[in-house]
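The chain contents come next:
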Amino acid sequence: MKSNEDVLLKHRNLILEATGDGVYGIDANGLTTFSNPAAERLTGFSSDELFGKSSHTLIHHSHPDGSHFPNTECPIYAAFKDGKVHHVTDEVFWRKDGSSFPVEYVSTPIIDDGEIVGAVVSFRDITERKQAEAALSESEERYRKIVESTHEAIFLVRIADGIMLDVNDEACRMLGYSRDELITKTTEDLHQHQMDIHREFMASLLASGRAKTDRLSCLSSNGEQIPVRVSASVIQLQEEECILFIAQDMREHLKAEQKARTLQANLHHGARVSSMGEMASGLAHELNQPLAAVMNYLQACQMLIDANDTGASDQLSDYIGRAADQAERAGKIISGLRSFVKKGESNRTIENLNEIAEEAIGLLAANATAEGIDFRVSFASDLPRVSVDRIQIQQVVFNLVRNAIEALSLVAGAQLTVTTSTSNGDSAQISIRDNGPGVADEMLAKLFDAFTTTKPDGMGVGLSISKSIVEEHSGKIRVDRNTGGGLCFTFTLPAEIGDGADV
Ligand code: ADP
C-alpha cells in the first residue's frame, strides 16, 4: 500500500508532466531544484543540466536586445526576496542553442514555516501571441496612416448617443479644433445652423445605410460655416452601430469655380475689348452716313432761311425732323459701342506665359476630355517672363484652343497638344497643335483676315483679333500645317527686357 503522501506526489508529478507550461523550482540561492518536461522542451536543457544550476545564468542571462541582465534585477529572484508574485510578459528566455523566445512567466515565492525558501516559476513561449499582437498593431498603424494621410476629414460617430469616437487630423485642421476638443462634439453641434438639412440627411442615411450630400456645411471653432461634400455609411464596429462620415472641404473648390466664372466673364469682356479696333473702322463708316445726312438737311434748312421763303415752313420742319432722326441714329450707334466696352484700357503686367495658358486652358480642358480628345500640355520650365495684358493673351490662347476643339469634334483619335518653349530666353512661345481636318490652301492664306469663317454660325473675327492682340504685344502669330494633318498655331512674345529665365 502506498502512503497518501506518495499518491499526492505522484499526482503532482503527473500534473507537472502533463502541463504545456514549463515549470521549474529554485531555492533561496537561485539554483534549480526541479523542472518539468515542458521546461526541457522549451529551453533545450535537460532536467539534469538545469538541476543545481543558476537558472538565471542558463536561461535568463540577457535582455531581448542581447545586453547583460544582472540577476540582481531579475524579477524571478525578486520573488523570494520580497515574497510577492511576479508576473512578467516583456522578457525573453534563452535556449541551450543560443536562440531566445519571448516569454510570459509567473514567479511565486515558496514559503515554509513563515520563511521564503525559494520560488516556483511557470512560463510559456508567447512567440505566436507576440506575432499576432505585432500584426494587429501593424494593421492598426496601417489603417491609421491611411486615415491620417487622406485629404478628407473623417469622423466616426456612435449612433446611440451621437458621440464622436474618432476623428482624423484633417477633421481637426478643417474645423480648427484639437482632437480632444472635437471628440466632445456631436454631429448636431457641427450642423446646428442647418438642423433641417442635417436631420433630413441623417434620416436618409439611417434608412438606406449610406448617403451623400453637397448641401451641408460644418461650423468651425471660429464660427465659420465650411462648405463640405459629405459621404456617410452606417458600419458595425464591435457590436456598436456607428456612422463613418467622410467630408471634403469644398472651400478651395468653390473658390476655383468662382475664379473660373470670373475668368470666363473676363474672357468674354476681353473679346469685346479686342474687337474694338475692328469695330472702330466699321463705326466710322456707320457714323459717316447719318452725320453726312444731318449736314445735308441742315444745309438745306439754311438755304430755305436765307431765301426768306415764308411759305417753306412745312419743308423746314420736315428737314429738321429728318436731321433729328439721323442724329438719333448716330447716337444709337455710339451708345451701342459704349456698352460694348465697359472695363477700360489694356493693362500690362509681368507674367509667366505658362500660368496664363494654364488658366485659359483650364476652362476648356474638361470639355475637350469630355469629347474624347486626348488633351496634352507640355510646359517649358525655363520660360522668360513677358510683359502683357493677361486677359488679352488668355483670350488668344482661349480662341486658339477653342478653335482646335471645334475642328476636332468629328475626328477619331483626336489629339490636342499645347506646348510652351523659348528660344535662348529671348522670347516665350506657345503652340496649339491639333490633328483635325485643317483648311483648304486658299483659306490658309487668309485665316487671320477678319470675317474669314467656315462655320455656319461663325463670326470669323477670333483669329484676326488674336493677331492684332499678339502684334500689339510686339509678338508674332503664324499657322502651319502638321505633317500628319491638322493645324499648328504658334505665337511668340518677346521676353520682358532684363528678365532672366523664370525657373
Ligand atoms: P470663327 O471661329 O468664328 O469662324 P476664327 O477667326 O476664330 O473665327 O476662325 C476662322 C476660321 O479658321 C474658322 O472658321 C475655321 O474654318 C478656321 N480654323 C481656325 N482654327 C482652326 C483649326 N484649328 N483647324 C481647322 N480650321 C481652323
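Remember, it's a predicted structure, so these values are computed and weren't measured experimentally.

Student: Requested: an account of the environment of leucine 298, with residues and values cited.
Tutor: Note on placement: leucine 298 falls in helix 11 (residues 251–306). Judged by relative accessible area, leucine 298 falls into the partly exposed class, the value being 43%. On a C-alpha basis, the gap between leucine 298 and tyrosine 319 in space is 7.2 Å, while along the polypeptide they are 21 residues apart.

Student: Any details on the site of the ligand? Residues and values, ideally.
Tutor: Looking at the ligand, there are 20 residues lining it, with Asn403, Thr453, Thr454, Lys455 and Leu463 nearest. One of the side-chain nitrogen or oxygen atoms of aspartate 434 is found 2.9 Å away from a nitrogen atom of the ligand. In the environment of the ligand, an oxygen atom lies 2.8 Å from a nitrogen or oxygen atom belonging to the backbone of leucine 463. Surface burial for the ligand is 93%, taken as the share of its 540 Å² of free accessible area covered by protein chains. Looking at the shell around the ligand, the elements with two or more residues in it are helix 14 (390–407), helix 16 (462–472) and strand 18 (487–494). For the shell around the ligand, the leading source of residues is helix 14, giving three residues. When the residues that make up the shell around the ligand are grouped by side-chain class, the tally is ten nonpolar, eight polar and two charged.

Student: Can you tell me about empty space enclosed by the protein, naming the residues and giving the values?
Tutor: In this structure the tally under the stated criterion is one cavity of 30 Å³ or more. Counted as a void, the largest cavity has a volume near 90 Å³. Counted by class, the lining of the largest cavity contains nine nonpolar, three polar and no charged residues.

Student: Quick rundown of unusual backbone geometry? Include the residues and the values.
Tutor: One non-glycine residue, glutamate 239, lies in positive phi territory at about 70 degrees. Relative to the helices and strands, glutamate 239 resides in the loop between strand 10 (225–237) and strand 11 (240–249). For serine 474, which is not glycine, the phi dihedral falls at a positive 60 degrees. Its location among the elements puts serine 474 in the loop between helix 16 and strand 17 (476–481).

Student: Can you explain the sheet that holds strand 16 (residues 427–434)? Please cite residues and give values.
Tutor: A sheet is described by the order of its strands in space; here five strands give the open sequence 13-15-16-18-17, paired in mixed fashion. Each edge of the open sheet carries a strand with a single partner, namely strand 13 (374–378) and strand 17. Between one strand and the next, the sheet's axes are offset by a mean angle of 15 degrees, whatever the strand orientation. Each of strand 13, strand 15 (415–422), strand 16, strand 17 and strand 18 touches helix 14; the most contacted strand, strand 18, lies at about 170 degrees to it. Across the sheet, helix 16 touches strand 17 and strand 18, and the angle it forms with strand 17 is around 135 degrees.

Student: Explain the layout of surface pockets to me, and be specific about the residues and the numbers.
Tutor: Approximately 390 Å³ is the volume found for the second largest pocket. Looking at the second largest pocket, it is lined by 15 residues, and the ones nearest its centre are Tyr143, Arg144, Val147, Leu156 and Asp166. Broken down by secondary-structure element, the contributors of at least two residues to the lining of the second largest pocket are helix 6 (127–149), strand 6 (153–158), strand 7 (164–167) and strand 10. Counting residues per element, the lining of the second largest pocket draws most heavily on helix 6, at five residues.

Rules used throughout
Residues numbered from 1 in each chain as written. Predicted model: local features only at pLDDT ≥ 70, side-chain atom pairs only at ≥ 80, totals over all residues. Heavy atoms only, no water. Helix = DSSP H or I, 4+ residues; strand = E, 2+ residues; numbered from the N terminus. Buried < 20%, exposed > 50% of the residue type's maximum accessible area, 1.4 Å probe, protein only. Near = heavy atom within 4 Å. Polar contact = N/O pair within 3.5 Å; in protein donor to acceptor, adjacent residues only side chain to side chain. Areas by Shrake-Rupley, 256 points an atom, 1.4 Å probe, with all protein chains shown as cover. Nonpolar A, V, L, I, M, F, W, Y, C, P; charged D, E, K, R; others polar. 1 Å grid on protein atoms, 1.4 Å probe; cavity = no way out; pocket = protein on both sides within 12 Å on 5 of 7 lines; lining within 4 Å. Points joined across faces, edges and corners; volume = space filled by probe spheres on them. Pairing = 2+ DSSP bridges. Axes fitted to C-alpha atoms, helices over the stretch in contact; angles between N-to-C directions. Contact = heavy atoms within 4.5 Å.

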